[in-house]
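If you want the building blocks of each chain, they are given just below.
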Amino acid sequence: MAPPSSISIGQRLKAYEDERGFSHIQLARLAGVSYSLLTKVVSGDKPATPEFINAVARALGIEPADLQPGPTYSDGMFAADPLLPLMSPIRTALDLFDLPPQEHIRPRSLGALRAAVRHVNTLAQAAKYKPMSQALPGLIAELHTAAHEFKGEQQRQAWGLLAEAYRCGHSVGIAIGMADLSATALARMDWAAQHAGDRAPGLRAAREYLRVTAYLRAKDLNACRRLQDSGRAHLDGTDPRTPGALVATGQLHLGSAVVAARARDLDLMKHHLAEAQRVAMVTGETTDFSLHFGPTNVAVHKVMTLVESGQHEQAVSAGKQVRFTPGWAPTRIGHHHIDLARANLWLAKPDAALNHLDEAYEAAPHQASRHPLVRETVASLARAEARRTARLSAWIVRTGV
């Protein structure tokens, strides 16, 4: 969503003042503008001229554009996102999937490729999108060659690894608000997964689970349900020995629980959580398909569904019981704290909400700085607070609200 219009230039200016510890008098002196004009701009009684914005921006050590939201994508990400230049090579790698392999590429061993895929997925799950985006096009080209040149079981495994690598294009696309890039990456994931032998059903079901993300953000619950049904159809005829089938089954139940919570269908929500828990007791904690499924993820989704269904006190109570195992995905930890921040916002506990935003930032700073739910929460806190705290001001600056 776009930054709320109620967060004015004056409010942004005040947030930067608070973050840097400046008073109005100090900033006016440093910027060479009148104290009276500064106070009137902050209060909204006078518009900020370009000359005024340039002067105070220099004094604050920021760019003039930092005081004014620029063009945004539909989920609120700035069009000047520094990751944008890295998207062109990823787009090319996704677009040229149907061409023959490049002759000069000599793929590494299957073990080395598996480690490389694990590495880019780990970067994605830590919201370290820049190094992930830099590594991804070359890795896709190498895996594309391996999938065509390897033979037998090694070839099938290479196709599966290519599918997992394509998934990273979805991760960064969703993160920076490029839904078309996400959709293309997941289409390529399905294309590669179809050649992955006994891993195909699990990978294709996981792809449907991932597709739900964009439709949840768009609040299209019918599309979410259709995708979840499609994911389950891919698992027809599988059994617990099918690689990734149980993990995909569990994740689809978790996704269905969230959709049911959004629809306020509490009985269906509880059913899917119970089914996911049943699967998790069989799988234990696992990172198959880089999905981090298991009892911990079920507990995290229980909190999420309580927030989505408006049961905020229960969500906060359940959140106190969650314990993360070492190596758990930072973005999942971050999202958990984002959900708890939202719950505390609804309970009119702004300090607790900010505490959880701080926890989200500690876990995955790039995710917390750009996530639309964080921006929504910060904007709501800013509108509700009569007296701006330095901590809230820091979050306004951090998110560009």
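Residues numbered from 1 in each chain as written. Predicted model: local features only at pLDDT ≥ 70, side-chain atom pairs only at ≥ 80, totals over all residues. Heavy atoms only, no water.

Caption draft 1: Examining the packing of helix 2 (residues 24-31) against helix 4 (residues 50-60) more closely. Remark: helix 2 packs on helix 4, axes separated minimally by 8 Å, with the N-to-C direction vectors making an angle of 105°. Looking at the two axes, helix 2 sits roughly perpendicular to helix 4. Facing Leu27, Leu30 and Ala31 of helix 2, the residues of helix 4 in contact are Ala55, Val56, Ala59 and Leu60. When grouped by side-chain class, the residues that make up the contact of helix 2 with helix 4 number 7 nonpolar, no polar and no charged. (Axes fitted to C-alpha atoms, helices over the stretch in contact; angles between N-to-C directions. Helix = DSSP H or I, 4+ residues; strand = E, 2+ residues; numbered from the N terminus. Parallel < 35°, antiparallel > 145°, perpendicular 65-115°, else oblique. Contact = heavy atoms within 4.5 Å. Nonpolar A, V, L, I, M, F, W, Y, C, P; charged D, E, K, R; others polar.)

Caption draft 2: Spatial organisation of the pattern of salt bridges. Under the definition given, this model contains 17 salt bridges. Here arginine 342 makes a salt bridge to aspartate 339, at a shortest N to O gap of 3.0 Å. Highlighted residues: arginine 342 and aspartate 339, both in helix 16 (residues 330-346), separated by 3 residues, approximately one helical turn. A relative accessible area of 15% places arginine 342 in the buried class. (Salt bridge = Lys/Arg side-chain N within 4 Å of Asp/Glu carboxyl O. Buried < 20%, exposed > 50% of the residue type's maximum accessible area, 1.4 Å probe, protein only.)

Caption draft 3: Region of interest: the packing of aromatic side chains. Scanning the model with the defined rule gives 5 aromatic pairs in all. Taking the centre distance of 5.0 Å and the plane angle of 80° together, the rings of phenylalanine 97 and tryptophan 191 count as edge-to-face. In this pair, phenylalanine 97 is assigned in the loop between helix 5 (87-95) and helix 6 (110-125) and tryptophan 191 in helix 9 (residues 179-193), connecting sequence segments 94 residues apart. The interplanar angle of 85° and the centroid separation of 5.1 Å between the aromatic rings of tryptophan 159 and tryptophan 191 together place this pair among those described as edge-to-face. Residue tryptophan 159 is found in helix 8 (residues 152-175), and its partner tryptophan 191 is found in helix 9; the two are separated by 32 residues along the sequence. Judged by its relative accessible area of 8%, tryptophan 159 falls in the buried class. Here the aromatic residues Phe97, Trp159, Tyr166 and Trp191 are joined through ring pairs into a cluster of three or more. The lysine or arginine in question, arginine 398, covers the ring of tyrosine 361, its NZ or CZ lying 3.7 Å from the ring centre. The ring of tryptophan 395 is capped by arginine 398, whose NZ or CZ atom sits 4.5 Å from the centre of that ring. (Phe/Tyr/Trp six-rings, centres within 6.5 Å; stacked < 30°, edge-to-face > 60°. Lys NZ or Arg CZ within 6 Å of the ring centre and 35° of its normal.)

Caption draft 4: Geometry of the nonpolar core. Judged by nonpolar contacts, the single largest core of 68 residues is most densely connected at Met87, Met132, Leu143, Tyr166 and Val172. Elements with a minimum of two residues in this core: helix 5, helix 6, helix 7 (129-149), helix 8, helix 9, helix 10 (200-217), helix 12 (245-262) and helix 13 (266-283). It is helix 8 that provides the largest number of residues to this core, a total of 10 residues. Residues Val42, Leu357, Ala382 and Val401 belong to the second largest nonpolar core, which totals 37 residues. (Core = buried A, V, L, I, M, F, W, Y, C linked by side-chain atoms within 4.5 Å.)

Caption draft 5: Fine view of helix 7. For helix 7, with 21 residues, the first-to-last C-alpha span of 30 Å sits near the 30 Å given by 1.5 Å per residue. Taking the largest bend as the criterion, helix 7 deviates by roughly 35°, centred on leucine 136, and proline proline 137 comes between one and four positions later. (Expected span 1.5 Å × (residues − 1). Bend = angle between axes of the 7 residues up to and from the residue.)

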